[in-house]
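In case you want the letters, here they are:
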Amino acid sequence: MANPDHLSRLLEGVHAWNVWRDSQPLTEVDLRGANLAGMDLRGADLWYARLQGAQLAGALLSGAILDRADLTLADVTGANCFETRMRGVIADRTRFRGAALVAADLTLARLLRCELECTIFT
């Protein structure tokens, strides 16, 4: 279950979220199971975020930083991940159906048993 404080901060918008993240760099972000479907998260700093089981279907993740985030069992169906940084992301059994991973950085990503029917261009 997502930390209610973290979720409410993210719902305030990406700018407010990133300002908070800059002031709290060691905070372990917990957004497990959060419904972020369809949200505009372009440029969001979600570095090392716990996003297990999160709903990110249709989300705009262009330019977002998800380095070392845990997307296990998350639903990223139809998300726009243009130039999204996902270095070292854990994405076990994650659904990426219809996602656009255009120029996404998946360096050292762990993608075990994922649904990867998506557009990938580098």
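Please read these numbers as outputs of a predicted model, since none were measured by experiment. (Residues numbered from 1 in each chain as written. Predicted model: local features only at pLDDT ≥ 70, side-chain atom pairs only at ≥ 80, totals over all residues. Heavy atoms only, no water.)

## Here we look at the overall build of the chain
- For the chain, the helix and strand inventory stands at two helices and two strands.
- Listing every helix and strand of the chain by position from the N terminus yields α-α-β-β.
- Relative to a compact globule of 122 residues, whose C-alpha radius of gyration would be 14 Å, the chain shows 13 Å and is just as compact.
- In terms of overall dimensions, the chain has C-alpha extents of about 35 × 25 × 25 Å along its principal axes.
- The buried share among the 122 residues of the chain stands at 40%.
- Across the chain, contacts joining residues at least 24 apart in sequence account for 12% of those joining residues at least 6 apart.
- In the form shown here, the chain has an accessible surface area of approximately 6200 Å², with 53% of it arising from carbon and sulfur atoms.
- Counting 13 positive and 15 negative side-chain charges, the chain places the averaged centre of each group 5 Å from the other. (Helix = DSSP H or I, 4+ residues; strand = E, 2+ residues; numbered from the N terminus. Rg over C-alpha atoms; globule rule 2.2 N^0.38 Å. Buried < 20%, exposed > 50% of the residue type's maximum accessible area, 1.4 Å probe, protein only. Contact = heavy atoms within 4.5 Å. Areas by Shrake-Rupley, 256 points an atom, 1.4 Å probe, with all protein chains shown as cover. Lys, Arg positive; Asp, Glu negative; His and termini not counted. Charge placed at Lys NZ, Arg CZ, Asp CG, Glu CD.)

## Some details on the side chain of Asp45
- Note on placement: Asp45 falls in the loop between helix H2 (14-23) and strand E1 (100-102).
- At a separation of 3.1 Å, a polar atom in the side chain of Asp45 contacts the main-chain amide nitrogen of Trp47. (Polar contact = N/O pair within 3.5 Å; in protein donor to acceptor, adjacent residues only side chain to side chain.)

## So, the side chain of Thr72
- Among the structural elements, Thr72 can be located in the loop between H2 and E1.
- Here the side chain of Thr72 touches Asp70 through a polar contact of 2.6 Å, side chain to side chain.
- Sequence-distant contacts of Thr72, defined by excluding residues within four places in its chain, comprise Leu51, Gln52, Gly53, Ile90, Asp92, Arg93 and Thr94.

## A short note on helix H1 (residues 4-11)
- With a side-chain oxygen positioned 2.8 Å from the backbone nitrogen of Asp5, the residue opening H1 is Asn3.
- Immediately beyond the C-terminal end of H1, within one or two residues, lies Gly13, with a positive phi of roughly 120°.

## Focus: the packing of aromatic side chains
- Scanning the model with the defined rule gives two aromatic pairs in all.
- An angle of 45° between the planes, with centres 5.1 Å apart, marks the rings of Trp17 and Trp20 as tilted. A residue pair is termed a helical-turn pair when its members lie 3 or 4 positions apart in one helix, as Trp17 and Trp20 do in helix H2 at three residues. Here Trp17 and Trp20 have matching classes, each one buried.
- Relative to Tyr48, the ring of Trp47 has its centre 5.1 Å away and its plane inclined at 65°; by these criteria the two rings are edge-to-face.
- On the basis of relative accessibility, which here comes to 35%, the residue Trp47 falls in the partly exposed class. (Phe/Tyr/Trp six-rings, centres within 6.5 Å; stacked < 30°, edge-to-face > 60°.)

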